[in-house]
Structures are given as structure tokens and as C-alpha cells.
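# Analysis of the macromolecular model
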Amino acid sequence: MPRATDVASPHHYHKVVDCQYACPAHTNVPEYLRLIAQGRYTESYLLNRESNVFPGILGRTCDRPCEPACRRGRIDGKPVAICRLKRVAADLRNDVTPYLPKAPSIRNGKRVALIGAGPASLTVANDLLPLGYDVVIYEKHARAGGLMRFNIPAFRLPERVLDEETGYIIDMGADVRYNTEVTSLGALIDEGYDAVFIGSGAPKGKELDIPGRWDDGAREHIHIGIEWLGSVHFGHIEKIAPRVLIIGVGNTAMDCCRTSRRLGGTHTKVVARRSRQFFKASPWELEDAGEEGIEIVENHSPKRFVIENGTLVGMEFERTETNDTVIIPCDDVILAIGQDNAFPWIERDIGIEFDAKWDMPIVDKASFASTKPGVFFGGDAAWGPQNIIWAVEHGHQAAISIHQYAQGLPLDDRPTQGMNLTSTKMGMHSWAYSNDFNPSPRSTMLHAELVERFSAIGVEVELGFTPEQTATEVERCLNCDVETHFEASLCIECDACVDVCPVSCLTIAPNVADEVDLRMLLSAPAQNATQDLYVSPSLPQTKRIMVKDEDICLHCGLCAERCPTAAWDMKKFSLVLPYAFNVDGTLEMVSV
Amino acid sequence: MTSIAKPPVRHPGLRKNAIGFTQRDYEGAMSTLCAGCGHDSVTAALVQACWELDLPPHRAAKMSGIGCSSKTTAYFMKQSHGFNSVHGRMPSVTSGANAANRGLTYIGISGDGDSLSIGLGQLCHAIRRNVRMLYVIDNNGVYGLTKGQFSASADIGSTSKKGEANVQPPIDPVLLALTLGVTFVARSFSGDKAQLIPILKAGLSHNGLALVDIISPCVTFNDHDGSTKSYKFTREHDVEISTADFVPLRHEIRAPETDSAVNVVTMHDGSVVRFRKTHEGYNPTDRESAYAHVRACQQRHEVATGLLFIDESGSDMHAVSRTVPTPLVDLTHHELCPGNAALQSLMEKYR
Ligand SMILES: Cc1cc2nc3c(=O)[nH]c(=O)nc-3n(C[C@H](O)[C@H](O)[C@H](O)COP(=O)(O)OP(=O)(O)OC[C@H]3O[C@@H](n4cnc5c(N)ncnc54)[C@H](O)[C@@H]3O)c2cc1C
Ligand SMILES: Cc1ncc(C[n+]2csc(CCOP(=O)(O)OP(=O)(O)O)c2C)c(N)n1
Ligand code: SF4
Ligand code: SF4
Ligand code: SF4
Ligand code: SF4
Ligand SMILES: [Mg+2]
């Protein structure tokens, strides 16, 4: 028989909470959505902040891996607008400063250096400062935030939001050395830090070395996307010619084309080597660019820059579908085809091993340690460009490692995840969560009018959800963390749960040998193999097993409602995550 | 009592039957019975059976009397006709409805109290008339609705929830029906849908009254140790003396069955019931052998289950009364009531 599912350790139930499982930082989404539903925005913000540190920033910019994973998407095609609800909590919160972690006045005597003031380093600082570490951050630029500040355009992320959330950490007492580029890691290590964290990002935009790239008259009109966005941010660039080609179709390309459109690039086109299904940009970024009138040209592979009379006049492409070439006229070109890491400032003879092929440091996947004791990597610096929420999670894990290291504890003996399960039963037909299914479609984000958007670079495009939209959207959440918890010894096999389940999740099945057979035997065949089955121990009367296909359970509680013996209960699952400042788990929830 | 409603969401893989309905289209209102009541499982089995038979809901009539069991007609096929009669009168109301409109499929749901106490006479006569209907008795050994008094099906020695033993002998609806000439009788268990659903399908296809006695535990008043109608007791004492598979007409019947252990009965509409032999010497088409086996099981304190007896050659009420094939409701007024001259000529025959 397939082995009974282990529900005593968190894995099974955690995986049922699709959004939380998919979130790199395992943000407790359903709980923060319920807090929003209750109007407890400050608590919701604080709960978010514990795992993802930058709720206001992420509520606008997160790559949102949680949304494609969200169970609601498998019910009516559209996931809960998890990310934008996070922004609601951030926008509507009261002053959170009284509830933020504070650095103790008695220091622990350890000093750590963090290189770069991007989200990865800031998370390390956030987790170590409350433990009494002296944290020194070296930042090449004059402000904190990393790419979040220099590259993500202000029309997506207002400066005020960045200032506030980076400020919460720095104001805890981090010693930030702005305008200080680290040029030698060896020299920094020699200053005698107890540990060093490298969160310097992946700062180098990829080149496109095709004919004409370096010619006079072309060079100055060809820009590297991330550098160009940086220059726009610093005010070094304020205008662009009308006809602009953006090469590449990732998220950087989307920011480049939309920025270009605002700086005078009225005829900005994005040119992609492959067809739409291979585009790297998030669907919503593509939509937003489309709304702003940006044309996307597919299946065009760049061949050369066309220069006439010493000026760039266009680019030649091979059309991969028709096998011919075409010249698209342009005045400026922005290359947005990826980023590389660069560590010219890390000496190769100080004990940090680099991978021979990619020239990347060798970093342990769990501890984020390099091969030199006491030196850690995280964020884009570790394994190349990812996103903010991954940088945050790397920061949390690296902070745990640094704390272990500083105490002389082994790095591989990491604190583990725990869980709490609490019944939500309140009485007859009464549960401590809103178990009614809300059939509303996903709310659409309102956008600023085009004219207004193009009037100034910093006009935020997304206006946020209205209170009505918020109220509806939170109710779309199925509360996947309210788990169907089964006690086999209580079941009398009356079938009531099986019969009542609106989506045919449950089956009392014979004890067949393997899971594949079992999947086909259920009330409705369990065809989504990415979703686990819950398999009970054998039932008292017939020795059959209770099987639940977790795939599209609505967490409506009807099974528990109709069970005469309370063999099913709806229990709220809370994942307990270890942090450096609290290895025993998540902080007590703040009640404001 | 209950305010909960089933979410309108369906499993995306839900199949449709030949007339385009999903199983959920055969559901009714949310049950207000006690959680875990066997009657709800019978309802679920009926939903599945009717769906699998592609029964058009608007061509069915759900008939019942009084009791928790009788309430269940509200919990399936919300598109169907229905009549909730006074206590014990379901059989005669169904007889009347069937007389007037033989075109509908009649599904009668009753309880052991409704059919074996107050309605016993009604049951007997419906069997004798062989009214074409599925007659379900949700048998829990108690009057559930009135809080668990022993019913006429309670076994001697079976105890009430408070521990008092029943002293009066039980009426076994299966044995009773066999003696009254029933043409289809089965016993099953609400906790065994694999057995129950084919039986319900065969019963719905039978040309006459199909009586299905279903042990359907009352979780609230009769599911304790000491009860002989509990989930546990039934599972421990259930003996399946015949196993029936129902093969509806539209499914091709593969290679002719040569296995002597399989007994094939063809229903009047061409569908087929195949019996796999589980007991030596048992013949589901022989009334005497059926009676003897059920009796023998009873004496061993076993519960004989399965499709126990079937006779497809019987004549139903309409055949016996030689009514016209067209349902009476579909006749014109003139055909139904041909006028005084016709009446006088009829009367003349009796003079
Ligand atoms: C155009 C663009 C748009 C993006 N949009 C999104 C988005 O919408 N959502 C999302 O989740 N992610 C987005 N990303 C990715 C995201 O910004 C990064 O993955 C994330 O910022 C990485 O964080 P980090 O802390 O590792 O490094 P970074 O944010 O790159 O920060 C590194 C910091 O280190 C400093 N530094 C580097 N070298 C040195 C040195 N030698 N000495 C001192 N300081 C140094 C840099 O100045 C910088 O401040 C985007 C990236 C780009 C390029
Ligand atoms: C004429 C009449 N007599 C008595 C009653 C009280 N009464 C209601 S339900 C019931 C017995 C129901 O028992 P059963 O048919 O076994 O149904 P169950 O609730 O057990 O499913 C009785 C006696 C009544 N409603 N009407
Ligand atoms: S429905 Fe709610 S709890 Fe479930 S995955 Fe989506 S957001 Fe998370
Ligand atoms: S909570 Fe229970 S009844 Fe509701 S969908 Fe999930 S398994 Fe089915
Ligand atoms: S409703 Fe409860 S007792 Fe009945 S089968 Fe389901 S889990 Fe078991
Ligand atoms: S009282 Fe008994 S028969 Fe009536 S609904 Fe409750 S469990 Fe079922
Ligand atoms: Mg009864």
C-alpha cells in the first residue's frame, strides 16, 4: 500500500498552501489576506515584513511566483491578486515603527561587513542587527536599495516607498558607508571582520558584439539596458530619440521600453529573437507595455547595426520564420539581453574558489557559504540574476549561517521548520475563517491615464485596489492553510464526506499497491501529478484508506461539516520559519 | 437547520453523460439530515445511478412518505417531479401517479417505519399490483425522525441507544416481498456503493416493482454497539450471496459469456444483469432458492445482500389492467372520456 502521509511534519500541509510554498521566502499569504479582510492592515504588513522584509516594494514589483501557483487559478483560471493585496496592506498601514525589531543597546561584540546595499545585504542586516551585531554596509552608490533603486523605474516603484522600507533597516543602526566601492576583498577581510557577506548583485549588462557595434556614430547611440536605466535614474539621461529599438524581451527590456516611451521614444519597439511563448518578461509587464503602445516584433535575430554617413540609421535582422533579412530603422538602440556577474575586486588567491567555466564563486546552496570560512554570498551575486524576493530569502539564510558561524556552530546543522495546527471549528456551521466560496472574478488593477503617465517619469502607473476591490479580492482566497486534517481512528466509513465534497476530492479507496494506480481509482482521477495525494492509515472497519487529492480542494469545510465523528477537522496550519534572530521560529504575531 | 450550501464549483474533469449532464446536475438541495446518516449515501448512490443511466431528470418522479428517509427526495434530482405523501401512503400515491402517467420513472423512497409499520398494507398491495417503480426502503431499524423508537425491522435483542433490548420479532421486507410475488428484490448497504449502484440501476430498469431494502444506519439513534443496524455490525455480518453487474443497453456486450459461474438475465429493455456466483446452489431467478437462502442467512444472524431475486417475465400493473400503451395523461379528452354512448355500450356488456 502507498505509505500513509506524514502530517506530523510540515511538508505535506505546507505544500497544500500553494502560494506560501511557491514563495521563496514562504510568506504566509492566506493569513495576511485574512488580516486585510478584517481591516488589520498594520498587522498584515508586519506579518509580511517578517518573511519578505519589503512589503511595500514587493507589493508593487515582486515577480510573484506565488500567483501562477495559487490554487484559485486552477478553479476559475485566475489566481488571487496576492501581490497587489500586499500593496494594499502597505498603503493602508499605520505607523509600524513601534513594532519593528530593534537593535539591543548591549552589543554582542561581533562585526560583519556587507558588500552592497541591495535587498540581499539589507535582509542580512535586518536579521543580524537585533542580535547585537555591528553591521557595516559598503555601498558604491550614494543611496541604498541596489537595483531596486537604480534600475526599477519610479513609475513602478515610487522613491518614497523605497526610502521608507530601506530606512526601517538602516535606522536600526547599520553603519552604511555610501560612495565606498570595495576594490579589494582581501583588504576588507584584513580589517578583521567576523564575517563578510557579498551582496553586490550582477552589475554587468550583456554585450551584443555584432558588426557596427563599436563604429563611430553608432557606439554612442547603443546603450546597455541596466546602465541606461541607471543613468536615467541619476538624471544623466533625460531624453531619447523618437525611434528606439529595445533588443531582448525580458523584464529589463520592459522597463527600458516603457522608460524610453516616457523620454521621447514615441516609436519604441521591442525586438525578440523568438516567438511569444518564449518571452521572459512577466505577462503583466508585457500587457502594461502593450497598453502604452509599444510594439513587440517577434522572431527577429539581430545581424548588424546599419550605419550610413557616420550615423546609426537602423538594425538588420534575420527573420527566423521566413529566412530573409530586414532592416528596421532606428535612432537609438538599448540592449536588454541579460546580466552577468563581475568580481574583478575579489582576488583569486585568497581562498575563494571560482568555477573554472563560468568564473563564478562556488557557493553552498543551503548555507550560502563560499569556500573561504566566514565569507558568504547571496542575492544576484550568488548564482546570477534572480529577483528581489529570492535576494531576501538568500539574505535570511545567509544571516542564519553567519550567526551559526559567529557562534562556532556547524553551518550544516541548520534550524528546521516547524508547524502549528489549530482547529477552526467554532460551532454548528461556524468556522473561524470565511469558508463560503466567493465566485467573483479577479479584480483588475486601475491604471493612471496614458496622458498623465507620460507627463513625468515618476508618475506611478498602478493606482492600487479600491476598498471594494480589496474586500472582494481577499474573499477569493480559498484559505488553503486551513487544512483538512484527518483522524483515521475516528472514521466509521459512512461516506458522508466523499458524497458532499463539491469537487470530488475524496475517496475511500482500496489499499492498492502504488500511487499511480491509486490516482486513477479516485472519485475523479487525480491527473495533476504536481499536487500530492493525502493517504490515511488504514480505516478501522474495512481496512481501506481515505485518499484526498489536494489539487482543487476549496477548503470549504463541508467534509468536516458532514462528518459525524469529527474524523475530518479544518485546522489552521502555521508554518514556523526559523530566522537568525529567532531560530526557534516565527515571532509572535503583533496585535495592534 | 442548515444554512450551508455547496459551492457551485465543479471538478474540471467531471464527465458528462449521454444527455449532457454531469453527476452534479442530478443533485438536489443540501441535506438537512444528521451528518453521517446512511440515507445521504443512498441519495449519493441514486445520483450516480440515475446519471449513469442517462435518466432525463424531468421524466422522473420522486415519491415519499414521512421520515428522515422520506425527506431525502429533496436531496437529489432537483429538476424532477415529486410527491411527499402522508405517512405510509407513498405506495398508493405512486400507484395512482403511475396509473395516470406510465411514462415517468418512479422512484419511491421510504423507511422501515414508513413501509413496515403504518404503510405495511400499502407496500403489500403495491407489490401485488407490480407497480412499475423503484421502491427503496432506507432501513435503519428505528423511527429516526421521531428520535429512535424501535421500528418493525428491529431484530430481537438489538438494543436501543439507552441499552433496552427489542423483544418483538422483525418483519423482513425481502422475505415478505418474496411471498407476495415480487418480481425484483434486493438487499444492500448504504456503506457499499459498489454493490448498491448496479442494483439501483437494475431496479430502475425493471419492468415492475423493484424493491431494494437498504441497511442505512441511523448515526444518531442506532449506530452503537448492541445495534444490529450499525455500520460496524452490518460490515461484520454482511454476506453477499449474489453479485450483480448491470450492463445498460447502449453498452456493447462483449464476447458471449461462457463461464458457467455467470448467470445472465436480460431485462425487458434489452439491458442485462450478470450475476457472478458467490454461493453454491444460489439461483437469483428461482424464488424458492432465494427464499431459502435469505432465511438460512437470517438464522445464522447474517445479513444476506445482493440482487436476491429477479423475474423479468412478470406483468406490471398496466399489463394486467390492459391499459393503452400511451400514458393516460397524454390522451385527448375525447379518448379518455368517449361520451355517454360509449358508456352505455360498456354498461350493456355487464347486463
Ligand atoms: C531593470 C530591472 C528591473 C527589475 N525589476 C524587478 C522587479 O520588478 N521585481 C523583482 O523582483 N526584481 C526585479 N529586478 C531584479 C532585482 O532588482 C534584483 O534581482 C535584486 O535587486 C538583486 O538584489 P541584490 O541585493 O542581490 O543586488 P542588487 O540589487 O544588485 O544590489 C547590489 C548593490 O551592491 C552595490 N555594489 C556592487 N558592487 C559593489 C562593490 N564592489 N562595492 C560596493 N558596493 C557594490 C551596488 O551598487 C548595489 O547597490 C530587476 C532588475 C533589473 C535590472
Ligand atoms: C400518521 C402519522 N403517524 C405518525 C407520525 C410520526 N412519525 C413521523 S416519522 C415516523 C417514523 C419514521 O420512521 P422511518 O420511516 O423508519 O424513517 P427514518 O426516520 O427512520 O428514516 C413516525 C412514526 C406521522 N408523521 N404521521
Ligand atoms: S487561494 Fe489563497 S491560500 Fe490558496 S494558494 Fe491562492 S492565495 Fe494562497
Ligand atoms: S474542504 Fe473538504 S469538502 Fe471542501 S473541497 Fe476540500 S475536501 Fe472537499
Ligand atoms: S464523514 Fe467522517 S466518518 Fe464518514 S467517511 Fe468521512 S471521515 Fe469517515
Ligand atoms: S435521526 Fe437517524 S435517520 Fe434521521 S437523519 Fe439523523 S441519523 Fe439519519
Ligand atoms: Mg427508519
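Presented here is an overview of the structure given in this document.

Procedures and definitions
Residues numbered from 1 in each chain as written. Chains lettered and ligands numbered in written order. Predicted model: local features only at pLDDT ≥ 70, side-chain atom pairs only at ≥ 80, totals over all residues. Heavy atoms only, no water. Core = buried A, V, L, I, M, F, W, Y, C linked by side-chain atoms within 4.5 Å. Buried < 20%, exposed > 50% of the residue type's maximum accessible area, 1.4 Å probe, protein only. Helix = DSSP H or I, 4+ residues; strand = E, 2+ residues; numbered from the N terminus. Domains from an automatic or database assignment. Contact = heavy atoms within 4.5 Å. Buried area = accessible area lost by both parts, 1.4 Å probe. Salt bridge = Lys/Arg side-chain N within 4 Å of Asp/Glu carboxyl O. Polar contact = N/O pair within 3.5 Å; in protein donor to acceptor, adjacent residues only side chain to side chain. Nonpolar A, V, L, I, M, F, W, Y, C, P; charged D, E, K, R; others polar. Disulfide = S-S within 2.5 Å. Near = heavy atom within 4 Å. Pairing = 2+ DSSP bridges. Axes fitted to C-alpha atoms, helices over the stretch in contact; angles between N-to-C directions. Parallel < 35°, antiparallel > 145°, perpendicular 65-115°, else oblique. Left-handed = near helix turned anticlockwise from the far one by under 90°.

Now for the nonpolar core. Residue and element names in this part refer to chain A. Ile-198 and Phe-377 are the most contacted members of the largest nonpolar core, which has 67 residues in total. With 9 residues, the single largest contributor to this core is helix H17 (residues 388-406). Both domains that meet at this core, namely domain 1 (11-98 + 442-476) and domain 2 (103-202 + 341-406), each give it at least three residues. Other than its neighbours up to four places away in sequence, Ile-198 contacts Ile-115, Leu-185, Phe-343, Trp-345, Ile-346, Val-375, Phe-376, Phe-377, Gly-378 and Ala-381. Residues Val-17, Cys-70, Val-500 and Tyr-579 belong to the second largest nonpolar core, which totals 62 residues.

So, on to the interface of chain B and chain A. The partner chain A presents 28 residues to the 31 residues of chain B that form the contact. Buried area between chain B and chain A, both sides added, is near 2200 Å², and the carbon and sulfur share of it is 61%. Our count for the chain B to chain A interface comes out at 3 salt bridges. Note that Asp499(A) and Lys193(B) form a salt bridge whose closest N and O atoms lie 2.8 Å from each other. Inspection of the region where chain B meets chain A yields 13 residue pairs in polar contact (both at pLDDT 80 or more). Looking at the side of chain B that touches chain A, the elements with two or more residues in it are helix H1 (38-52) and helix H8 (231-237) of chain B. Of the residues assigned to the side of chain B that touches chain A, the class counts are 15 nonpolar, 8 polar and 8 charged.

Right, let's talk about the state of the cysteines for a bit. Think of a disulfide as a covalent bridge from one cysteine sulfur atom to another cysteine sulfur atom. Scanning all chains against the criterion turns up 0 disulfides over all chains. Lacking any disulfide linkage, Cys66(A) is separated from the closest cysteine sulfur, that of Cys62(A), by 6.3 Å.

Another point: the site of ligand 6. Close contacts around ligand 6 come from Leu33(B), Cys34(B), Cys37(B), His39(B), Cys68(B), Asn140(B), Gly144(B), Cys218(B), Val219(B), Thr220(B) and Phe221(B), and that covers them all. The class makeup of the residues in the shell around ligand 6 is 7 nonpolar, 4 polar and no charged.

Further remarks concern the sheet that holds strand E23 (residues 568-576) of chain A. All names here are of chain A. Read across the open sheet, the 3 strands follow the order E16-E23-E19; overall the sheet is antiparallel. What marks the edges here is a single partner per strand, and that holds for strand E16 (418-423) and strand E19 (482-486). Each strand of the sheet is rotated relative to its neighbour by a mean of 45°, with strand direction disregarded. Note that E19 and E23 share 5 bridges and pair antiparallel. When the bridges of E23 are listed, His-485 appears paired with Asp-569.

Residues and elements named next belong to chain A. Running from amino to carboxyl end, helix H13 (residues 225-233) crosses helix H14 (residues 251-262) at an angle of 40°, the nearest separation of the two axes being 10 Å. In terms of orientation, H13 lies oblique with respect to H14. For the pair H13 and H14, the crossing hand works out as left-handed. Contact residues: H13 offers Gly-225, Ile-226, Trp-228, Leu-229 and Val-232, while H14 offers Thr-252, Asp-255, Cys-256, Thr-259 and Ser-260. In terms of residue class, the contact of H13 with H14 is made up of 5 nonpolar, 4 polar and 1 charged.

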